[in-house]
Amino acid sequence: MASPCTSSLCITTLLLAVVSWATSASARNFYQDFDVTWGDGRAQILNNGDLLTLSLDKASGSGFQSKNEYLFGKIDMQLKLVPGNSAGTVTAYYLSSNGSTWDEIDFEFLGNLSGDPYILHTNVFSQGKGNREQQFYLWFDPTADFHTYSILWNPQRIIFSVDGTPIREFKNAESMGVPFPKSQPMRIFSSLWNADDWATRGGLVKTDWTQAPFTASYRNFNADNACVWSSGSSSCASSSSSSSSDGNTWLSEELDSTSQERLKWVQSNYMIYNYCTDAKRFPQGLPPECTMS
């Protein structure tokens, strides 16, 4: 018969084992949070649910979506993009509702020839209307390692961030007649697909299928700070106002002075297109939200 565990070392080891078990039991994984929706085996969940990969070849791309719908949230995902010659490919990671007047919050990564930078394309749709594109280069190689791409969506604003640095803020401008996504729950979607008719240099550079399959990888999804929408109600005490008592301070979060400086840094150095400065595109005048500071 084994002797009872009485030494402090033995007890510590047991406690660590219990903590490790509890942590692993509570950790989220892709099996719990997402469904592979298309791709005929080209999307794979690996490493006990810790990693998800999407692949694209000449026959098909692939994609997944969240099991939950959300109405406001702070959502993080780590992505490692298609390496090498990714021209013609698009890796899309976005929130979207259903219907003809859908809402949508987009990250799209436009592939490029080896050595050229990826273009990070962002857009916001409300009531089925988009045309609010801003595009950026990144200050690192997004194919060399995983980086965190985040969306903060609350009733006052949408903030796009990369590794904790804000790159774009879209404020609620309903007072100026601009629709804002705030009433339609959205799922998280991602897909890897061929868009060589437009993605790289306006479609001039086509996909080189000898490089296929193209693969993008995902890990460390986090939506702990998000309001899950189910059966017509929200998991948050109040999804229309700040509620610090239940920990939902992100529902009224805004950029502090340091974050505003980081945002200016990104937009001064890495923004390559802004619909709010494209007067040719809007001959009748720029959209009203473009006048907001």
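What you see is a predicted model, and the numbers here were worked out from it, not measured in a lab. In this numbering scheme, every chain counts its residues from 1 along its sequence in written order. Confidence filtering applies because this is a predicted model: local features only for residues at pLDDT of at least 70, side-chain atom pairs given and counted only at 80 or more, and all residues used for totals across whole chains, interfaces and linings. Note that the side-chain values use all heavy atoms of the structure and ignore hydrogens as well as water.

Along the chain, the regular secondary structure elements total three helices and 16 strands. Between buried and exposed lies partly exposed: a residue is buried under 20% and exposed over 50% of the maximum accessible area for its type, with that area taken using a 1.4 Å probe on protein chains only. The burial tally for the chain puts 47% of its 293 residues in the buried class. The contact criterion used throughout is that any non-hydrogen atoms of two residues lie within 4.5 Å. Taking as baseline every contact in the chain between residues at least 6 positions apart, the subset at least 24 positions apart corresponds to 65%. Using a 1.4 Å probe, the Shrake-Rupley method yields the accessible areas, and only the shown protein chains count as cover for residues. For the chain, the exposed surface amounts to about 14,500 Å²; the carbon and sulfur share of it is 50%. Under the DSSP-based scheme used, a helix requires at least four consecutive residues in state H or I and a strand at least two consecutive residues in state E, with every element numbered from the N terminus.

This part takes up the UniProt feature "active site" (unreviewed entry) in the chain. UniProt positions are given in the numbering used here, feature names are shortened, and annotations may be inferred rather than shown by experiment. Taken from the UniProt record, the annotation "active site" (unreviewed entry) applies to Glu104 and Glu108. Mapped onto the secondary structure, Glu104 falls in strand β7 (residues 104–110). Sequence-distant contacts of Glu104, that is, excluding residues within four places in its chain, are made with Tyr94, Leu95, Ser96, Asn123, Val124, Phe125 and Met186. As used in this structure description, the phrase polar contact means that two N or O atoms lie within 3.5 Å; if the pair is within protein, one of them must be able to donate a hydrogen and the other to accept it, and residues adjacent in sequence are counted only when both atoms belong to side chains. A polar contact of 2.9 Å, which involves the side chain of Glu104, links it to the side chain of Trp102. Tracing the chain through its elements places Glu108 in strand β7. On the accessibility criterion, Glu108 (13% relative accessible area) is buried. Other than its neighbours up to four places away in sequence, Glu108 contacts Val90, Thr91, Ala92, Ile119, Leu120, His121, Trp193 and Trp198.

By disulfide we mean two sulfur atoms from cysteines, separated by a distance within 2.5 Å. For the structure on display, the rule yields two disulfides. Each sulfur of the disulfide joining Cys227 and Cys236 lies 2.0 Å from the other. Torsion about the S-S bond of the Cys227 and Cys236 cystine: about -100 degrees, corresponding to left-handed handedness. Considered together, Cys227 and Cys236 belong to a single accessibility category, that of buried residues.

What follows concerns the environment of Asp141. By the element assignment, Asp141 lies in the loop between β9 (134–136) and β10 (147–153). For the pair formed by Asp141 and Leu81, sequence separation is 60 residues and the distance between their alpha carbons is 9.1 Å. At a separation of 2.7 Å, a polar atom in the side chain of Asp141 contacts the side chain of Thr143.

This brings us to the nonpolar core. Of all hydrophobic cores here, the largest spans 60 residues; its most connected members are Met77, Phe107, Tyr149, Trp153, Ile158, Tyr218 and Phe221. Counting residues per element, this core draws most heavily on strand β14 (residues 214–230), at seven residues. In this structure Trp153 touches Tyr70, Leu71, Phe72, Gly73, Leu95, Ile105, Ile158, Phe180, Pro181, Gln184, Met186 and Trp250, once residues within four positions along its chain are discounted. We call a set of buried Ala, Val, Leu, Ile, Met, Phe, Trp, Tyr and Cys residues a nonpolar core when their side-chain atoms join them within 4.5 Å. Within the second largest apolar cluster, five residues are counted, among which are Val90, Ile119, Ala195 and Ala199.

The pLDDT value tells you how sure the predictor is about a given residue, anywhere from 0 up to 100. This prediction gives the chain a mean pLDDT of 90; 87% of its residues lie at or above 70. In the model, residues 9–26 has pLDDT below 50 throughout and makes four contacts with residues more than four positions away in sequence or in other chains. Confidence drops under a pLDDT of 50 for residues 239–245, and excluding neighbours within four residues, the segment shows 14 contacts in the predicted structure.

Looking at chain direction, strand β3 (residues 51–56) and β14 are connected through six bridges and run antiparallel. Opposite Leu52, over in β14, you have Tyr218 as the bridge partner. Should DSSP find at least two bridges between two strands, the strands are taken to pair. Relative to β14, strand β5 (residues 69–80) is paired through eight bridges, and the arrangement is antiparallel. Within β14, the residue paired with Tyr70 across the bridge is Val228. The pairing of β14 with strand β15 (residues 233–234) spans two bridges and is classified as antiparallel. Residue pairing in the sheet places Ser230 in a bridge with Ser233 of β15.

Next up on the list: the pattern of salt bridges. Here, a salt bridge means any side-chain nitrogen of Lys or Arg that lies within 4 Å of a carboxyl oxygen of Asp or Glu. Per the stated rule, a full pass over the model turns up eight salt bridges. Glu253 is paired through a salt bridge with Lys74; the nearest N and O atoms lie 3.1 Å apart. Taken as a pair, Glu253 in the loop between β15 and α3 (257–269) and Lys74 in strand β5 lie far apart in primary sequence, 179 residues in all. By relative accessible area, Lys74 is classed as partly exposed at 31%. Taking the shortest distance from any N to any O, the salt bridge between Glu174 and Lys182 comes out at 3.2 Å.

So, about the packing of aromatic side chains. Pairs were defined over the aromatic rings of Phe, Tyr and Trp, the Trp ring being its six-membered one, requiring ring centres within 6.5 Å. Orientation was assigned from the angle between planes: stacked under 30 degrees, edge-to-face over 60, tilted for the rest. One pass over the full model with this rule turns up 20 aromatic pairs. Their ring planes at 50 degrees and their centres at 6.2 Å tell us that Trp193 and Trp198 sit as a pair that is tilted. Look at Trp209 and Phe214: their rings are 6.0 Å apart centre to centre, the planes differ by 65 degrees, and that puts the pair in the edge-to-face class. Residue classification places Trp209 among the partly exposed residues on the basis of a relative accessible area of 22%. Overall, Phe214 belongs to the buried group, its relative accessible area being 2%. Clustering of aromatic rings is evident, with ring pairs tying together Phe30, Phe34, Phe64, Tyr218 and Phe221. Whether a charge sits over a ring comes down to the Lys NZ or Arg CZ being within 6 Å of the ring centre and within 35 degrees of the ring normal. One residue, Arg262, lies across the ring of Trp265, its end atom 4.8 Å from the ring centre.

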